[in-house]
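Each chain is listed here by its residues.
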Amino acid sequence: PSTTIRYLQLLLPVLRFVLTLMTTSGPQQKEASSQVLLFIHSHMEVFSAILKESLVSVTMATLQELSLLTAVISQCRAGQDWLVNLQLPHTAGLLRIQHRLLSLLPYYLTPTNWKETAQEVTKLEEGWRGSVNGPVWEEVYSLSQNVCSSLLAYCQNAMTAGGTEFSINFNRILFTPDISGAVVSNTQMSSLSPSLGMLISSLKEVCDGYFVAIETMQQLQKKLDGLQNMTSEEMKQLIPDVSDRNTLSLVQLQNMSKLSLQRLLEGKKRQISQFIYILEHMLCLLWRHLQFYLVYCKPTGLGANLEDTGLIMRPAMRKLHEMGTGTESPSKEGDINKFDLSQLSEGITLNDLEQLKLGLDKCLSDSLFKKLLDISNVLSQTKEDSTIGFIHALVRRIKKLLKLRAAAKPILHL
């Protein structure tokens, strides 16, 4: 085998093993997380190259690498706070990895991103024979969804410093208050740094993608239920990858069509499950950021430049999405526990918050909330789970924040 194939034969099983280890042990197992951190640190150049290469070219192999690697790092972040002690020898490398991860957000946040990646890789793998909803297309689309899920889980874990309880002293800001990303096209989004506008725009598209997936699943189920009434030509369209389908008997066509429909249905169910996971994380990130910006944030002078100052703490740290770029200065041990709201808010002006408030009125419309509540209602009808009200609760909290801010004039004087 070639060098590339041997490399993949070694790397992918190792990443799968590490991911299984992290998933089964859970974030409570600090020793396991520490060992994985050392593993990442020992292969820093390889992992950094994988994340960097994914922005340049995407193939099935690189996407498999990226899907596993982002999942491993996300799981590892749930059990560790990389910013507690910047003097640790591996911290600088981990922050570079973090910077690479956050730079992937604009490329994997939406169904449009996933479709474009699926089309590109399918064409590369199969050429003109590649078909939408074929095995390759479905696998690439699923891998892209997995990358998105891992990136959002990482954001959630990083924002809460590895914890689950909300605490102002240990919540870090990932997305800027810039709301303009909610009105730009998807092709422009890739040039933006992580912002609330980008998050809201992606949230809207994921909502629409969820309903499209639900409709497609219902159509597939209808075809499967009515398979006995299909003509031979209709069944042949369900198995386009079979070269000798014109020679198959009616029974063979029915069996192969049934298998194809069942495969598509299972894939669509997994997609829908991922849509829910992604929606919940997007909403949770949006709520936490809005709670900070609209309730706790203490704006600085109107002349402050948000892009040049920090959103985390001073003097040692900058915005979390800029950590790991090589510009951060060393921190004294324990400094991370001493910052207050004024430090967390440094660089955010009153004008930034005013623009955020005006933008939210346009971006977070009643139609978006209705879609989210409709999704919550669908879940309540199809699942017997204690988490089915999670989306509904987050929508209620976000609407409450917007209502409180609408009644506040001027916007903030904390």
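Residues numbered from 1 in each chain as written. Predicted model: local features only at pLDDT ≥ 70, side-chain atom pairs only at ≥ 80, totals over all residues. Heavy atoms only, no water.

Student: If you had to explain the overall build of the chain to someone new, which residues and values would you point to?
Tutor: For the chain, the helix and strand inventory stands at 16 helices and zero strands. Residues classed as buried in the chain amount to 50% of the 414 residues present. Taking the intrachain contacts of the chain between residues at least 6 apart in sequence as the baseline, contacts between residues at least 24 apart amount to 75%. Total accessible area computed for the chain in this model is approximately 19800 Å², and 54% of it derives from carbon and sulfur atoms. (Helix = DSSP H or I, 4+ residues; strand = E, 2+ residues; numbered from the N terminus. Buried < 20%, exposed > 50% of the residue type's maximum accessible area, 1.4 Å probe, protein only. Contact = heavy atoms within 4.5 Å. Areas by Shrake-Rupley, 256 points an atom, 1.4 Å probe, with all protein chains shown as cover.)

Student: Can you tell me about the environment of T110, naming the residues and giving the values?
Tutor: Considering the arrangement of structural elements, one finds T110 in the loop between α6 (105-108) and α7 (111-126). A distance of 2.9 Å separates polar atoms of two side chains, one belonging to T110 and the other to N113. (Polar contact = N/O pair within 3.5 Å; in protein donor to acceptor, adjacent residues only side chain to side chain.)

Student: Report on the pattern of salt bridges, specifying residues and quantitative values.
Tutor: Under the criterion given, the structure shown has four salt bridges. The salt bridge partner of E233 is K236, with a shortest N-O separation of 3.5 Å. With E233 and K236 both in helix α11 (residues 232-237) and three residues apart, this pair spans about one turn of that helix. Residue class for K236 comes out buried when judged on its relative accessible area of 14%. (Salt bridge = Lys/Arg side-chain N within 4 Å of Asp/Glu carboxyl O.)

Student: Can you break down the packing of helix α1 (residues 3-25) against helix α4 (residues 60-77) residue by residue, with the values?
Tutor: Contact geometry for α1 and α4: axes closest at 9 Å, N-to-C directions at 30 degrees. What the angle tells us is that α1 and α4 run roughly parallel. Seen from above, α1 lies across α4 with left-handed handedness. Contact residues: α1 offers Y7, L8, L11, L12, L15, R16, V18, L19, M22 and T23, while α4 offers A61, Q64, E65, L68, L69, A71, V72, Q75 and C76. When grouped by side-chain class, the residues that make up the contact of α1 with α4 number 14 nonpolar, three polar and two charged. (Axes fitted to C-alpha atoms, helices over the stretch in contact; angles between N-to-C directions. Parallel < 35°, antiparallel > 145°, perpendicular 65-115°, else oblique. Left-handed = near helix turned anticlockwise from the far one by under 90°. Nonpolar A, V, L, I, M, F, W, Y, C, P; charged D, E, K, R; others polar.)

Student: Go over the environment of I173, please, and point to the residues and values.
Tutor: Within the secondary structure layout, I173 lies in the loop between α8 (135-159) and α9 (186-189). Sequence separation of I173 and A158 is 15 residues, and the distance between their C-alpha atoms is 9.1 Å.

Student: Account for the confidence of the model for the chain, naming residues and giving values.
Tutor: In this model, the chain carries an average pLDDT of 77, and 74% of its residues clear a pLDDT of 70 or more. Per-element confidence in the chain ranges from a low mean pLDDT of 46 for α9 to a high of 94 for helix α10 (residues 196-225). This model gives residues 302-340 a pLDDT under 50, and the stretch forms 97 contacts once residues within four places in sequence are excluded. Low pLDDT (under 50) marks residues 410-414, which in the prediction has 17 contacts with non-local residues, meaning those over four places away or in another chain. (pLDDT = per-residue confidence, 0-100.)

Student: Break down the environment of E125 for me, with residues and values.
Tutor: Relative to the assigned elements, E125 resides in helix α7. Sequence separation between E125 and T59 is 66 residues, and the spatial gap between their C-alpha atoms is 8.0 Å.

Student: Requested: an account of the state of the cysteines, with residues and values cited.
Tutor: Using the criterion set out here, one finds zero disulfides in the structure. No disulfide involves C148; its sulfur sits 9.5 Å from that of C155, the nearest cysteine. C148 gets classed as buried once you look at its relative accessible area, which sits at 0%. (Disulfide = S-S within 2.5 Å.)

Student: Let's hear about the packing of helix α12 (residues 250-296) against helix α15 (residues 366-382): which residues, and what values?
Tutor: Their axes nearest at 12 Å, the elements α12 and α15 cross at an angle of 135 degrees. One element, α12, and the other, α15, form an angle in the oblique class. Crossing of α12 against α15: the hand is left-handed. Each of I276, L279 and L283 in α12 lies in contact with α15, whose residues at this interface are L372, I375 and L379. For the contact of α12 with α15, a count of residues per class yields six nonpolar, no polar and no charged.

Student: Explain the packing of aromatic side chains to me, and be specific about the residues and the numbers.
Tutor: Aromatic ring pairs are defined here through the distance separating the ring centres and the angle between the ring planes. Inspection of the entire model under this criterion finds six aromatic pairs. Taking the centre distance of 5.6 Å and the plane angle of 50 degrees together, the rings of W114 and F275 count as tilted. With W114 in helix α7 and F275 in helix α12, the pair connects residues that are 161 residues apart, well separated along the chain. What makes W114 buried here is its relative accessible area of 0%. (Phe/Tyr/Trp six-rings, centres within 6.5 Å; stacked < 30°, edge-to-face > 60°.)

Student: So what's going on with helix α3 (residues 44-53)? Residues and values would help.
Tutor: Among all positions of α3, only M44, F47, S48, I50 and L51 are buried. The arc that holds every buried residue of α3, seen down its axis, measures 155 degrees, which confines them to one face. Of the surrounding secondary structure, the elements contacted by the buried residues of α3 are α1, α2 (30-42), α4 and α5 (91-103). (Arc of directions from axis to C-beta.)

Student: Break down the nonpolar core for me, citing the residues and quoting the values.
Tutor: One finds L196, L286, L290, L360, L364, L372 and I398 to be the most contacted residues of the largest nonpolar core, which totals 96 residues. The biggest single contributor to this core is α12, with 15 residues. Residues in contact with L364, not counting those within four places in the same chain, are I200, L286, L290, F369, I398 and L402. Of all hydrophobic cores here, the second largest spans 13 residues; its members include L220, L224, I239 and L253. (Core = buried A, V, L, I, M, F, W, Y, C linked by side-chain atoms within 4.5 Å.)

Student: So what's going on with α1? Which residues, and what values?
Tutor: Under the 1.5 Å per step criterion, the end-to-end length of α1 is 33 Å for 23 residues, consistent within 8% with the ideal 33 Å. All buried positions along α1 are accounted for by L8, L11, L12, L15, V18, L19 and M22. Summarising the contacts, the buried residues of α1 are in contact with α2, α3 and α4. Of the residues trailing α1, G26 is marked for its positive phi of about 80 degrees. (Expected span 1.5 Å × (residues − 1).)

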